[in-house]
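# A closer look at the structure
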Amino acid sequence: MKQSKSLFFVVILLVLMGCTGMKKNGYVPVNKNAIPEAVQLLDFLYSIQGKYTLTGMHNFASDINRYDQVVDSLTGKTPVVWGSDFSFNALGNNQCEFRHCGPLNLTVPGNKGISCGELSLSPIQQRQLIIDTAIKRHSEGRIITLMWHCCWPTNGDDCNGDDIWRWADNLPSQQEWDELTTDGTALNGIWKKQMDGIAMCLRELQNAGVPVLWRPFHEMNGVWFWWCNKPGENGFKKLWIAMYDYFTNYHKLNNLLWVWDANAPRNNPGDEAGPYADY
């Protein structure tokens, strides 16, 4: 695959930063135990702020190289940021309605030549493919970003897409939310067990020296996902801090740069996205 000039530039600059330390700006991750590769990546991102834009491409486990290949065929270049989704197994008669987000057990979206079909691979197998590919792409000099469309914790990794896309009239109650985010409750324990599976994946990347732009619970200021529309100190903020604490202090994941990924505020009735400051 052809490599773009921008990718070549990023690889060279990262190497130079690794040699010089690049500590003069004093940018350090919130996690004081961050691995050197994560510190280096954060330094790099700050060093190009306002100067360069990094291109990226999201890829799905069911056809892990497809979208990179599409970009290459159209431009002859390779996006420097490689992304994927630990995702979920879609269940139910309406499972193909959620193909757009790349469930682990469905054929890849965006390919008109392949109808929506169910795959026989397990979430563990598909996530291992993501891990192996991320390690390979990082070795090529690319930056890795990962996300997670996650089921409501009581359903583990297998759920109807409607369990994730709740919309405003079916979001968790405050009582459910409080139980989810409070240590020691039954629901909190179930959530931690669900997170354990993802932590194992991220640990494998850490062991390989791969820093990750980790962006959980995206578009939290909207009204569509189960984690949306919970402003305030006891809302989304509490969920985010709880995951950070569990991954960082319990699982000792020190390769993550945490990406807060809001939706653009908008005032569309039934499809709102709230102000950033509330989250």
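Check the entry above for the structure.
Attention here is on the structure that accompanies the text. (Residues numbered from 1 in each chain as written. Predicted model: local features only at pLDDT ≥ 70, side-chain atom pairs only at ≥ 80, totals over all residues. Heavy atoms only, no water.)

## What to know about the sheet that holds strand S6 (residues 212-214)
The strand order across the open sheet built from five strands is S1-S2-S4-S6-S7, with neighbouring strands paired in parallel fashion. The open sheet has two free edges, formed respectively by strand S1 (56-58) and strand S7 (256-258), since each of these has just one partner strand. Neighbouring strand axes in the sheet, compared pairwise and without regard to direction, differ in orientation by 25° on average. Relative to strand S4 (residues 143-147), strand S2 (residues 81-85) is paired through five bridges, and the arrangement is parallel. Along S4, the bridge assignment pairs Ser84 with Leu146. In this fold helix H2 (residues 36-47) packs onto S4, S6 and S7, with an angle of close to 40° to the strand it touches most, S7. Together, S2 and S4 form the strand contacts of helix H4 (residues 123-139), whose direction differs from that of S2 by roughly 175°. (Pairing = 2+ DSSP bridges. Helix = DSSP H or I, 4+ residues; strand = E, 2+ residues; numbered from the N terminus. Axes fitted to C-alpha atoms, helices over the stretch in contact; angles between N-to-C directions. Contact = heavy atoms within 4.5 Å.)

## Focus on the environment of Asp163
Inspection of the secondary structure assignment puts Asp163 in the loop between strand S5 (158-160) and helix H5 (174-180). Residues Asp163 and Leu91 lie 72 residues apart in sequence; the distance between their C-alpha atoms is 10.0 Å. Excluding residues that lie within four positions of it along the chain, Asp163 makes contacts with Cys151, Trp152, Asn155 and Trp226. Within the structure, the side chain of Asp163 is placed 2.9 Å from the backbone nitrogen of Trp152, a separation counted as a polar contact. (Polar contact = N/O pair within 3.5 Å; in protein donor to acceptor, adjacent residues only side chain to side chain.)

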